[in-house]
Amino acid sequence: MRTLVTGHHGYVGSVLVPMLEEAGHEVVGLDTDLFAPCIFGPVEAEVESLKLDVRDVETEDLRGFDAVIHLAAVCNDPVGDLNPQATYDINHLASVRVAEKAKEAGVPRFLFASSCSLYGKAAGDAMLDESAEFAPVSPYGRSKVLAERDIAPLADDSFSPTYLRNATAFGVSPRLRVDVVVNNLVGYAHSTGEIVIQSDGTPSRPLVHVEDISGAILASLVAPRELVHNEAFNVGANSENYRIRELADMVAEVVPGARATFAEGGGPDKRSYRVDCSKIAAVLPGFEPQWTVRRGIEQLYEAYTRNGLTYDQFTGPSYLRIKRVQELQEAGQLDDELRWRVPVAAA
């Protein structure tokens, strides 16, 4: 299957693309390359790619593809909060635009990387399935709600969108992020000996390994159309819902001598939810999560140790998306709309 992957130089894309190629798919990437230099460990060989902002995608860019996997997004709350309107422009309006252009180009499959963040804050410990009400608490979460809402009416006999609501990602990637909770806790433990909890430890999160996100995308891509047509799936496993304090305790069990501490001023986090992933397990038997959070913590600790991750690297712009964006803006290379001030190819 000839497949276009937007955001292929991101945290998920850098894991997904080799998996797609190994499965026999022909892959083309599309990325503005804001994070292309943010390398952690070995990187697979490059694929053919378009250096293009998703806000500028045209129909001709998408002709000849059997599927578009749309990962590209402003993908965490601190970056989203820098310029909420740019977050909506990219995550909502540009996502709908890419879907519209894909349909115009005759692309039959469109896989949208949504997020469990659209559930936001849930009452109690209820497990939320795909029919749960949305209660996003950030521009990022709200943008995913709006994108799903406006892509859905495009579905018809010739165009099949699928919405993959990923749980909070963790795990090693060639373009590592340490601004996601498990990666962050292990990074603090490795580099300082302290597991710094940014909240009061009580919020709940569903967790899923970046390789399992990629596995869910691959399973959806090849699934019979009638199983995934205009359907949403929570991506993860029911067993992998944890409170933040429980995550910290697991990290302490893996990283020798590490102890949990609370960041100054940390309080209750507005985001707290547990997710039911029974639907994807029942509908897509080709998807079976391979990773637990505990195994992911062990993988991260081993990788941080093997690569000699220092505290300065851990807290620097290579692996913290907000710092990378601020670094580019302070250097005059990136504007407030998250567009390059110089042509993308030259940037």
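For the structure itself, look to the data block above.
Notes on the structure in this doc start here. (Residues numbered from 1 in each chain as written. Predicted model: local features only at pLDDT ≥ 70, side-chain atom pairs only at ≥ 80, totals over all residues. Heavy atoms only, no water.)

**Some words on empty space enclosed by the protein**
- Tallying each qualifying case throughout the model produces two cavities of 30 Å³ or more.
- Counted as a void, the largest cavity has a volume near 120 Å³.
- Lining the largest cavity are 13 residues, with V17, E44, A45, E46 and R175 sitting closest to its centre.
- In terms of residue class, the lining of the largest cavity is built from six nonpolar, four polar and three charged.
- Around the second largest cavity, the lining residues are F170, L207, V208, H209, D212, G236, A237, E240, P289 and W291. (1 Å grid on protein atoms, 1.4 Å probe; cavity = no way out; pocket = protein on both sides within 12 Å on 5 of 7 lines; lining within 4 Å. Points joined across faces, edges and corners; volume = space filled by probe spheres on them. Nonpolar A, V, L, I, M, F, W, Y, C, P; charged D, E, K, R; others polar.)

**Here we look at the layout of surface pockets**
- Estimated volume of the second largest pocket: approximately 180 Å³.
- Lining the second largest pocket are S14, V15, P18, M19, E22, P42, V43, E44, V172, P174 and E211.
- If one sorts the elements of the lining of the second largest pocket by residue count, helix α1 (residues 13–22) sits on top with five residues.
- Per-class residue counts for the lining of the second largest pocket are seven nonpolar, one polar and three charged. (Helix = DSSP H or I, 4+ residues; strand = E, 2+ residues; numbered from the N terminus.)

**Observations regarding helix α13 (residues 321–330)**
- Within α13 the residues assigned to the buried category are R321, I322, R324, V325 and L328. Taken around the axis of α13, the buried residues stretch over an arc of 165°, which confines them to a single face.
- Once α13 finishes, G332 follows within two positions and takes phi at roughly 75°, a positive value. (Buried < 20%, exposed > 50% of the residue type's maximum accessible area, 1.4 Å probe, protein only. Arc of directions from axis to C-beta.)

Shape is all these values report; function is a separate question.
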